[in-house]
Amino acid sequence: MQVDFSSQPRKSRRVLVVLVPEDGKSGVRVAAADKTVSQAVAAARSTPGFFAKHGQIADILQPAGSQCRRVLVVGCGAAKALSAFACRKLGGILAAHLAKQHETDAGIFIAPFADAPLNEAEIAANVALGAALRSYRFDKYITEKKESETPTLSALSFYLDAAERARKVWQRLDALRGGIYLARDLTNEPPNTIYPAAFAAHASRALRPLGVKVEVLDEKRLATLGCGALLAVGRAAAHPPRLLVLEWNGTRKSKGRTDGPIALVGKGVCFDSGGLCLKKPEWMLRMKGDMSGGAAVVGAIHALAARKAPVHVVGVVGLVENMPSADAYKPGDIVKTMAGKTIEVIDTDAEGRLVLIDALYYAAKRFKPRAIVDLATLTGSILHALGSVFSGIFATDNSLAEQLLAAGEETGERLWRMPLDAGYDKNLESPIADLCHCAPDAERADAAHAAALLKQFVDKRPWAHLDIAGKEFHEKEMPLAPIGARGYGVALIEAFIAGAER
Ligand code: BES
Ligand code: MN
Ligand code: MN
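Residues numbered from 1 in each chain as written. Chains lettered and ligands numbered in written order. Predicted model: local features only at pLDDT ≥ 70, side-chain atom pairs only at ≥ 80, totals over all residues. Heavy atoms only, no water.

Student: So what's going on with the packing of aromatic side chains? Residues and values would help.
Tutor: One pass over the full model with this rule turns up 5 aromatic pairs. Here the aromatic rings of tyrosine 136 and tyrosine 181 are separated by 5.0 Å at their centres, their planes lie at 80°, and the arrangement is edge-to-face. Here the residue tyrosine 136 occupies a position in the loop between helix H4 (120–134) and strand E6 (155–159), and tyrosine 181 occupies one in helix H5 (residues 163–188), the gap between them amounting to 45 residues. The same class applies to tyrosine 136 and to tyrosine 181, which are both buried. Sitting over the ring of tyrosine 136, arginine 184 keeps its end group 5.3 Å from the ring centre. Cation over ring: lysine 341 sits above phenylalanine 457, and NZ or CZ is 5.3 Å from the ring centre. (Phe/Tyr/Trp six-rings, centres within 6.5 Å; stacked < 30°, edge-to-face > 60°. Helix = DSSP H or I, 4+ residues; strand = E, 2+ residues; numbered from the N terminus. Buried < 20%, exposed > 50% of the residue type's maximum accessible area, 1.4 Å probe, protein only. Lys NZ or Arg CZ within 6 Å of the ring centre and 35° of its normal.)

See below:
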């Protein structure tokens, strides 16, 4: 989708859009500059059902005395509630409305809103981001396109006085868009095309041109490092494990911080069959998405590098397929982690924590990060606890937790703080190894026990674990995404790191 910003409305546009706030005071100036638009606003405002609620659209067809095919008057709700996230949702709703009407391009008037927390440049760029995110398509495997199919939006032009400033804001947001698209592509790809080496190659192709350092450690290297937990999980698969290591350093060396990078660690289980503790088919179907924590790490680093963010960030993604075979790891096995601690395996379907343990420890030891944040579709348990509204955050550091909680509210990828506690640690004692893989069934609270296990492997560094299980796909269209992979976590992490830059 093409996005451009200019202070001169293009006369040839057949579809015009104007945003109007509920309170009716602002947005008038630009609208007044164009007669067709100001008449449409007046017409919408005099329609009994049009209250300019957030996302409400009055579609005025063939306005009299004009070349236009239609003018969309889009309600924004109360101006003071028009946050970046609210603007993104407006853009998404607008994009879907246009596409449904088979309109593929439009020009949008943006005026400064009195009382709005954002200036007009920020409003325009965030509307553009929302429209672009909603217009994402993953149709490369559809060989016969139907004619009746809804088209995708191809161009949006924004008309506003602060066009130059809007272009600047869009640079950052377009980088974020690219990161979200990349994460969605990785997650939408079927499991026969995205296996560990293929994931690493895809990420590498996208990131290297941006100046990101990319290393891919193979199974032999991982064996030398002693990553016995990760290797045990991946052992049965035809496609061997990989560890993807990324580094973006956008800080100026002279002014560089000395307190280490921020490390992002991702669960990259390219397919989770459950292993010998095989999943039921209805649960297995979605398990190509079990690498979406890893995809979020790749997408976030893409977003940061594409806008040359002045930060030092590293990414580590543990890539495996969890499969059954004669050589698969078994319940009862004892595995040795890179940290040297041994773990008694209880259930081969709890593979994520074993993969993350070695990835976390590698990140902590090699990079000595000032903070570690991991993203993982780790447990069904978190989904039972929080449903679709929140992901779980477990953190050893309150300030890190608060920054992430704030980034979650800002981006709509919301987090709810969950407990780390010695009580959970206690349930991970094993009679036969240093640690037990899972708590006894009767204890329940698997998400908290998984977090308690991970905590042992972060080398006491400030750490937050985001359990994002169940957030990988949308089953129905949402304001910011079509059906399919969400690219969940990219916006959250990008906002968290943007906050840490200041
Ligand atoms: N990848 C799953 C968790 C998951 C569940 C992700 C639902 C997305 C949606 C994880 O590897 C898993 O299988 N966890 C088990 C752990 C159990 C065996 C202790 C679970 O939650 O059932
Ligand atoms: Mn599993
Ligand atoms: Mn899994």
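Student: Account for the pairing of strand E9 (residues 262–272), with residues named and values stated.
Tutor: A large share of E9 lies buried, amounting to 11 of its 11 residues. Relative to strand E13 (residues 371–376), E9 runs parallel, the two sharing 5 bridges. Within E13, the residue paired with valine 265 across the bridge is aspartate 374. Across 10 bridges, the pairing between E9 and strand E10 (residues 312–322) is parallel. Looking across to E10, one finds that glycine 266 is bridged to valine 317. (Pairing = 2+ DSSP bridges.)

Student: Which residues make up the coordination of the manganese ion (ligand 2), and what are the values?
Tutor: Surrounding the manganese ion (ligand 2) are the protein donor atoms Asp272 (OD), Asp349 (O), Asp349 (OD) and Glu351 (OE), at 2.1 to 2.2 Å. Coordination of the manganese ion (ligand 2) draws on donor residues from a single chain, spaced D-x76-D-x1-E in sequence. Between the two metal centres, the manganese ion (ligand 2) and the manganese ion (ligand 3), the spacing is 3.2 Å, with aspartate 272 acting as a shared donor. In this pair, aspartate 272 sits in strand E9 while aspartate 349 sits in the loop between strand E12 (342–344) and helix H11 (351–367), placing the two residues 77 residues apart along the sequence. (Donors = N, O, S within 2.8 Å, 3.2 Å for Na, K, Ca; no water.)

Student: For the sheet that holds E13, give the residues involved together with the corresponding values.
Tutor: One open sheet accounts for 8 strands, arranged E7-E8-E10-E9-E13-E17-E14-E15; its pairing is mixed. At either margin of the open sheet sits one strand with a lone partner, and together these are strand E7 (213–217) and strand E15 (415–417). The sheet shows a mean angle of 20° between the axes of neighbouring strands, direction not considered. Pairing of strand E8 (residues 242–249) with E10 involves 8 bridges; the strand directions are antiparallel. Looking across to E10, one finds that tryptophan 248 is bridged to valine 313. Lying on the sheet, helix H10 (residues 292–306) is in contact with E8, E9, E10 and E13; it crosses E9 at an angle near 135°. (Axes fitted to C-alpha atoms, helices over the stretch in contact; angles between N-to-C directions. Contact = heavy atoms within 4.5 Å.)

Student: Which residues make up the coordination of the manganese ion (ligand 3), and what values do they have?
Tutor: Every protein donor of the manganese ion (ligand 3) is listed here as Lys267 (NZ), Asp272 (OD), Asp290 (OD) and Glu351 (OE), and their distances to the metal cover 2.0 to 2.4 Å. Considering all 6 donor atoms around the manganese ion (ligand 3), the spread of angles at the metal, 77 to 173°, places the coordination shape in the octahedral class. All donor residues of the manganese ion (ligand 3) come from one chain, and their arrangement in sequence is K-x4-D-x17-D-x60-E. With a relative accessible area of 2%, aspartate 290 lands in the buried category. (Tetrahedral: all angles 85-135°; square planar, octahedral: opposite > 155°, others 65-115°.)

Student: Hey, could you go over the nonpolar core for me, with residue numbers and the actual values?
Tutor: Formed by 98 residues in total, the largest nonpolar core has its most connected members in Phe5, Phe158, Phe199, Leu244 and Leu264. With residues near it in sequence (within four places) discarded, phenylalanine 199 still touches Leu186, Ile194, Leu244, Cys270, Met291, Gly294, Ala295, Val298, Val317 and Leu319. Counting 43 residues, the second-largest nonpolar core is a separate cluster that includes Leu222, Val269, Val320 and Ala364. (Core = buried A, V, L, I, M, F, W, Y, C linked by side-chain atoms within 4.5 Å.)

Student: Run through the packing of H10 against helix H16 (residues 490–501), naming residues and quoting values.
Tutor: Across the interface, H10 lies against H16 with an axial gap of 8 Å and an inter-helix angle of 45°. Classified by the angle their axes make, H10 and H16 are oblique. Helix-helix and strand crossings are classified by hand; for H10 and H16 the assignment is right-handed. On H16, the residues that touch Ala296, Gly299, Ala300, Ala303 and Leu304 of H10 are Val490, Ile493, Glu494 and Ile497. Class assignment for the residues of the contact of H10 with H16 results in 7 nonpolar, 1 polar and 1 charged. (Parallel < 35°, antiparallel > 145°, perpendicular 65-115°, else oblique. Left-handed = near helix turned anticlockwise from the far one by under 90°. Nonpolar A, V, L, I, M, F, W, Y, C, P; charged D, E, K, R; others polar.)

Student: Outline the sheet that holds strand E5 (residues 105–109), listing residues and values.
Tutor: Taken in spatial order, the 6 strands of this open sheet run E1-E6-E5-E2-E4-E3, and their pairing is mixed. The strands lining the two open edges of the sheet, one partner per strand, are strand E1 (2–6) and strand E3 (57–61). For this sheet, the mean inter-axis angle between neighbouring strands, taken without regard to orientation, is 20°. As defined by bridge partners, E5 adjoins E6 across 5 bridges and the pair is classed as parallel. The residue of E6 that forms the bridge with alanine 106 is leucine 156. Against the sheet, helix H3 (residues 84–100) makes contact with strand E2 (15–20), E3, strand E4 (70–75), E5 and E6, and its axis sits at roughly 150° relative to E4, the strand it touches most.

Student: Go over the state of the cysteines with me, naming the residues and quoting the values.
Tutor: By the definition in use, this model includes 0 disulfides. Cysteine 76 carries a free sulfur, and the closest cysteine sulfur to it, the one in cysteine 87, is 7.2 Å from it. Take cysteine 76: its relative accessible area is 2%, and that puts it in the buried class. Cysteine 436 supplies the cysteine sulfur nearest to cysteine 438, a cysteine that is in no disulfide, at a spacing of 6.8 Å. (Disulfide = S-S within 2.5 Å.)

Student: Provide a residue-level description of the site of ligand 1, including the pertinent values.
Tutor: Residues in contact with ligand 1 amount to 19 residues; listed here are only the nearest, Lys279, Asp290, Asp349, Glu351 and Gly380. One of the side-chain N or O atoms of aspartate 272 is found 2.9 Å from an oxygen atom in ligand 1. Within the backbone of threonine 377, an N or O atom sits 3.4 Å from a nitrogen atom of ligand 1. Look at ligand 1: alone it shows 520 Å² of surface, and the protein chains cover 84% of it. With respect to the detected pockets, ligand 1 is housed in the largest pocket. The set of elements that each furnish at least two residues to the shell around ligand 1 consists of E9 and H11. Here the residues of the shell around ligand 1 sort into 5 nonpolar, 4 polar and 10 charged. (Near = heavy atom within 4 Å. Polar contact = N/O pair within 3.5 Å; in protein donor to acceptor, adjacent residues only side chain to side chain. Areas by Shrake-Rupley, 256 points an atom, 1.4 Å probe, with all protein chains shown as cover. 1 Å grid on protein atoms, 1.4 Å probe; cavity = no way out; pocket = protein on both sides within 12 Å on 5 of 7 lines; lining within 4 Å. Sits in = over half its atoms within 2 Å of the grid points.)

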